[in-house]
Amino acid sequence: MRPEDYLELVAIAKEHLEGQAILDALEGVESDIDFIEKQHRRIEEYNRKITELTKG
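Residues numbered from 1 in each chain as written. Predicted model: local features only at pLDDT ≥ 70, side-chain atom pairs only at ≥ 80, totals over all residues. Heavy atoms only, no water.

Here we take up the side chain of Gln39. Along the polypeptide, Gln39 turns up in helix α2 (residues 33–54). Judged by relative accessible area, which is 2%, Gln39 ranks as buried. Among all residues touching Gln39, those that are not within four sequence positions of it are Ala13, His16 and Leu17. (Helix = DSSP H or I, 4+ residues; strand = E, 2+ residues; numbered from the N terminus. Buried < 20%, exposed > 50% of the residue type's maximum accessible area, 1.4 Å probe, protein only. Contact = heavy atoms within 4.5 Å.)

Structure follows, in structure tokens:
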């Protein structure tokens with residue numbers, strides 16, 4: 001995958017987090033901490049991949 005592909009995955013993961021937070025707030029439920037942590041780990045992993053690919 002190219003760095004651009006990972007940037008897109010980061011954007012998708014962040015949008016997913018934001019969307020879920022909004023849904024949780026609208027429904028009046030607590031956010032799923034495990035889901036939030038999983039998404040943050042994914043974002044960190046994608047950012048590491050971007051760094052590795054762009055070190056050149």
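Once the structure has been displayed, the description carries forward.
Our next topic: the pattern of salt bridges. Counted according to the given criterion, the structure contains two salt bridges. As a salt-bridge pair, Arg2 and Glu4 come within 3.9 Å of each other at their nearest N and O atoms. Notably, a salt bridge pairs Asp5 with Arg2, separated by 3.2 Å at the nearest N-O pair. Through salt bridges that share partners, Arg2, Glu4 and Asp5 make up one connected network. (Salt bridge = Lys/Arg side-chain N within 4 Å of Asp/Glu carboxyl O.)

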